[in-house]
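Here's the letter readout for the chains.
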Amino acid sequence: MTTPALEALPRELLVVEGARQIRDGDLVIVGTGLPLLAATLAQRTHAPGAKLVIESGVMFPRVVPTPVSVVDPRLMHGASRHGSLFEALGGLVQRGLVRTGFLGGAQVDEYGNINSTWVPRSNGERIRLPGSGGANDIASHCRQVVVLTDHERRRFPRRCDYVTSPGFLSGPGARAEAGLPPLAVKVVTDLCVMEAEDTALAVTALMPGATERAVLDNTGFVPEFSPSLTTVAPPAPEDLRLLREELDPACVYFPERKSR
Amino acid sequence: MTATTGKVTGAAEAVARLVTPGAVVGMGGQNINRCPMALVHEVIRQGIGELTVVGCNLSLPLDMLVAAGLVARTEQGTGNLERYGTLFAWRRAVERGEVGVGDHSHLAMATRFAAGALGLPYLPTRSLLGTDLLADMVAAGYARQDVDPWSGVPVVLLKAMIPDVAIIHANRADISGNVVIEGVTSHEVDMVRAARATIVSAEEIVPEGTFADRPEQVTIPEAYVSAVVEQPFGAFPTSVYRAYDFAESEIREYQALGRAGDEELRRWLTANVHAGTDFDAFLTARDPEGSLRARLTDQMRSLV
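Residues numbered from 1 in each chain as written. Chains lettered and ligands numbered in written order. Predicted model: local features only at pLDDT ≥ 70, side-chain atom pairs only at ≥ 80, totals over all residues. Heavy atoms only, no water.

So, the environment of B:W90
Moving on, step 1. Considering the arrangement of structural elements, one finds B:W90 in helix 4 (residues 88-95).
Moving on, step 2. In this structure B:W90 comes out as buried when scored by relative accessible area, which is 0%.
Moving on, step 3. A sequence separation of 80 residues divides B:W90 from B:A170, and the C-alpha atoms of the two residues are 25 Å apart.
Moving on, step 4. Here B:W90 is in contact with A:R128, A:L129, A:P130, B:L62, B:D63, B:V66, B:T74, B:Q76, B:G79, B:V99 and B:V101, once residues within four sequence places are set aside.
Moving on, step 5. Polar side-chain contacts of B:W90 include one of 3.2 Å to the side chain of B:T74. (Helix = DSSP H or I, 4+ residues; strand = E, 2+ residues; numbered from the N terminus. Buried < 20%, exposed > 50% of the residue type's maximum accessible area, 1.4 Å probe, protein only. Contact = heavy atoms within 4.5 Å. Polar contact = N/O pair within 3.5 Å; in protein donor to acceptor, adjacent residues only side chain to side chain.)

Details of helix 11 (residues 291-303) of chain B
Moving on, step 1. Helix length check: helix 11 of chain B (13 residues) gives 19 Å between terminal C-alpha atoms against 18 Å at 1.5 Å per residue, within 8%.
Moving on, step 2. Those residues of helix 11 of chain B that sit buried are B:L292, B:R293, B:L296, B:T297, B:M300 and B:L303. For helix 11 of chain B, the angular spread of the buried residues around the axis is 140°, confining them to a single face. Away from its buried face by more than 90 degrees, helix 11 of chain B exposes B:R301 and B:S302.
Moving on, step 3. Its buried side turned inward, helix 11 of chain B meets helix 3 (73-76) of chain A together with helix 8 (248-260) and helix 10 (279-286) of chain B. (Expected span 1.5 Å × (residues − 1). Arc of directions from axis to C-beta.)

Thoughts on the side chain of A:S69
Moving on, step 1. As for its position among the elements, A:S69 is in the loop between strand 3 (58-59) and helix 3.
Moving on, step 2. Setting aside residues up to four positions removed in sequence, A:S69 forms contacts with A:T32, A:L75, B:N31, B:I32 and B:E82.

Here's the deal with the domain arrangement of chain B
Residues and elements named next belong to chain B.
Moving on, step 1. In terms of domain boundaries, chain B breaks down into domain 1 (3-105 + 162-303) and domain 2 (127-159).
Moving on, step 2. Inter-centroid distance (C-alpha atoms) of domain 1 to domain 2 is 31 Å.
Moving on, step 3. Counting residues at the interface gives six residues for domain 1 and five residues for domain 2.
Moving on, step 4. Taken together, the two surfaces of domain 1 and domain 2 that pack against each other cover about 400 Å², and 60% of this comes from carbon and sulfur.
Moving on, step 5. Where domain 1 packs against domain 2, one counts zero salt bridges.
Moving on, step 6. Linking domain 1 with domain 2 are zero residue pairs in polar contact (both at pLDDT 80 or more).
Moving on, step 7. At the level of elements, strand 4 (71-76) and strand 6 (100-103) are the ones that each hand at least two residues to the side of domain 1 that touches domain 2. (Domains from an automatic or database assignment. Buried area = accessible area lost by both parts, 1.4 Å probe. Salt bridge = Lys/Arg side-chain N within 4 Å of Asp/Glu carboxyl O.)

Quick look at the pairing of strand 10 (residues 165-174) of chain B
All names here are of chain B.
Moving on, step 1. Buried residues dominate strand 10, accounting for nine of its ten residues.
Moving on, step 2. The pairing of strand 1 (residues 24-27) with strand 10 spans three bridges and is classified as parallel. Within strand 10, the residue paired with V25 across the bridge is V165.
Moving on, step 3. Bridge count for strand 10 against strand 12 (residues 198-206) is eight bridges, and the pairing is parallel. Note that in strand 12 the partner of R172 across the bridge is E204.
Moving on, step 4. For strand 10 and strand 11 (residues 179-180), the ladder comprises two bridges, and the chain directions are antiparallel. Opposite R172, over in strand 11, you have V180 as the bridge partner. (Pairing = 2+ DSSP bridges.)

Structural notes on the interface of chain A and chain B
Moving on, step 1. With 50 residues of chain A at the interface, the matching set in chain B holds 50 residues.
Moving on, step 2. The contact between chain A and chain B buries some 3,800 Å² in all, and 58% of this surface belongs to carbon and sulfur atoms.
Moving on, step 3. Summed over the three residues of chain A that lose the most area to chain B, namely A:L85, A:F86 and A:R128, the buried surface amounts to 18% of that side.
Moving on, step 4. Linking chain A to chain B there are three salt bridges.
Moving on, step 5. With its nearest N and O atoms 2.7 Å apart, the salt bridge here joins B:D103 to A:R128.
Moving on, step 6. If you look at where chain A meets chain B, you find 29 residue pairs in polar contact (both at pLDDT 80 or more).
Moving on, step 7. At the level of elements, helix 3, helix 4 (85-94), strand 9 (126-128) and helix 5 (135-141) of chain A are the ones that each hand at least two residues to the side of chain A that touches chain B.
Moving on, step 8. The biggest single contributor to the side of chain A that touches chain B is helix 4 of chain A, with five residues.
Moving on, step 9. Residue composition of the side of chain A that touches chain B, grouped by class: 21 nonpolar, 21 polar and eight charged. (Nonpolar A, V, L, I, M, F, W, Y, C, P; charged D, E, K, R; others polar.)

Here's the deal with the packing of aromatic side chains
Moving on, step 1. Per the stated rule, a full pass over the model turns up seven aromatic pairs over all chains.
Moving on, step 2. Their ring planes at 55° and their centres at 5.9 Å tell us that A:W118 and A:Y162 sit as a pair that is tilted. Of this pair, A:W118 sits in strand 8 (residues 118-120) while A:Y162 sits in the loop between strand 10 (144-149) and helix 6 (174-178); the two residues are 44 residues apart in sequence, bridging distant segments of the chain. One exposure class covers both A:W118 and A:Y162, and it is buried.
Moving on, step 3. Aromatic pair B:F233 and B:Y244: ring centres 4.2 Å apart, planes at 20°, arrangement stacked. (Phe/Tyr/Trp six-rings, centres within 6.5 Å; stacked < 30°, edge-to-face > 60°.)

A word on unusual backbone geometry
For residues that are not glycine, phi is negative in most cases, and the peptide bond is trans in most cases.
Moving on, step 1. A cis geometry characterises the amide bond from A:P65 onward to A:T66, with omega recorded as -20°.
Moving on, step 2. With respect to the secondary-structure elements, A:T66 resides in the loop between strand 3 and helix 3.
Moving on, step 3. Residue B:P237 is bonded to the preceding B:F236 through a cis peptide linkage, with omega at 10°.
Moving on, step 4. One non-glycine residue with positive phi stands out, namely B:L128, at about 80°.
Moving on, step 5. Tracing the backbone shows B:L128 in the loop between strand 7 (122-125) and helix 6 (132-140).

Have a look at this one:
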C-alpha cells in the first residue's frame, strides 16, 4: 500500500519523538492515547525488545489497534500476564524495574512537577480534574518521565497550582531530600523538547519550523535554551506509515488526520 | 435462600441486606471494564444514600450514584472515563462541595486495601513523598510520613482501608462464593479481602465443585464472599474479559447527557434504572433484540 506523501502533523511529530525516548529492552509504563502509540511505534522500529506495563495489571501485551482505555481488551491482547494494580505499580514500578513512564497532566512546571488534580478558574474556584491515578507512583519511582503535550502557556506555569506527581519539587536537591530516587524529565511538545535532571526544564531541541520566540511566548516560565540546541529530526516515512496504517488506522487519536 | 443454593441470592435482596445508608462501599471495576453495574442499579433503585465510595479508578458506576444523589464522599485514585471524558456529575458535585473527595495515587489506595486484606493497621509506601497529594492525605488522617527504622529513609504509612461492603462483578462464581475473574483484577482482590462483606455478581453461577480440579485458578476464595448474584451482562455497558466488549455507543450517550447537566442524568436514571424492576429489564429496554449484546460478544471473541 502506498502512503500519501503528507507532511507529518504536529501531533505525529510528538508521537515519533516520544518513541525515540524508549531504548531497546526498556520496561515502559504507559496509558492510552499518544504515549501508547509512541511506545508501540518504538517496539515496531528501533526498540523491538521494549516491554509495556499497564497500570491496570497488564504486563507485556502485544497491542492491537486502537485501545481507548487501560483495561481495553485491545490493550490486554497477547499479554504475558494479567495481574493487578498492586503488581504493576507496586511490584514493578515501586520495585524499580520500570525505567520509563509516560505521563500527562493539566500543568507541568519549571521543575517538571505535574498537576492532574485541580486547577483554578479565574474567579478562584477550582476545576476538578481526574486525579493522580498511577501518575504519582510513576513519577516517584521511574528513572525517566516523558510528557507528550500541546505547547500552551496555561500548561506550563512557573509553579503548578497543585503538585500531584513529583518532578524536582522546589528545585535542585529537593527530590533527594524528600526521599525520592533520581529522575530525568523530558517534555515533548509541538514546539520543542525540554529536558531536566534535578534542574529547571531547558529547551534542548526545537520542532521543525518552530522558533525560540514561539516557545517563550507559549511558556509561563522562562526556559533556558541549550547552547547545543538542535532541531528534532523529521519522522522517517516508515514511522508515519506505521502510525497511520497499523497503529491507529481508524484515526482514533488523530481526528485531524481523518479530515485531511 | 436454601441450604442447597449456598450464598446465591438476587441483586435486590443482597443489596438490601448488605448495603446500608452511610456505608463505605468498595467499588469494583476500572474505567470501561467489569464495573458492577447491575448491583449499582439496584443501589440506585433502593435509594441507599450518604455513601462513601472508595476504589482506584472510579468511573461510570460512581457517576450514576452521584447523579442519583446517593454519595457523600469518595476516596479514589481517579474519577474519569479516559477517552470518554471526565465524570461530569461527580466533578460538578465535588466543585459545588456536595461530595467530599479524598485523593490518592492508585498505588496508595491499592496499598491501603492490601493492609486491610492482611489485617494490618497500615502499610508503607515510597510513593507520594514531597507532593501536595501527600499533604492532603496527611491532613485527611490516612497517611503519615515516617522513616524506615532500619535505613532511615523517608516512607509514608498508609492506614488500612476497610470497606463496609465491596461490590464487584466477575466471570463466574460457584454457589459457595468461590470467584473466578478473567483478565486484569485492578484493585479488586485486596479490596474484597479487606471488606467486611462482599457482594459478587457474576455472568454465571456454577455448581459446587466446578473449580475443584483447578483450585489455583480461583481468584477470590469463598471465605471473603457474603452473597453471589447471577447476572448475565451484569457489567454492561462496560466489558467483561473473554465474555463481551464494552458498549461504546452506550457510554458515549451517557457522557453526552452528563456533559449536558445533572437534570439530563436524572431523567436518564428515571427512564433507565427506576423504570424497570431489575437489570434484565434494563438490558431488554436498551437492547430489545439482543443484537448489541451479540455484537459485543463477537467483538470480544475476536480480541482474545
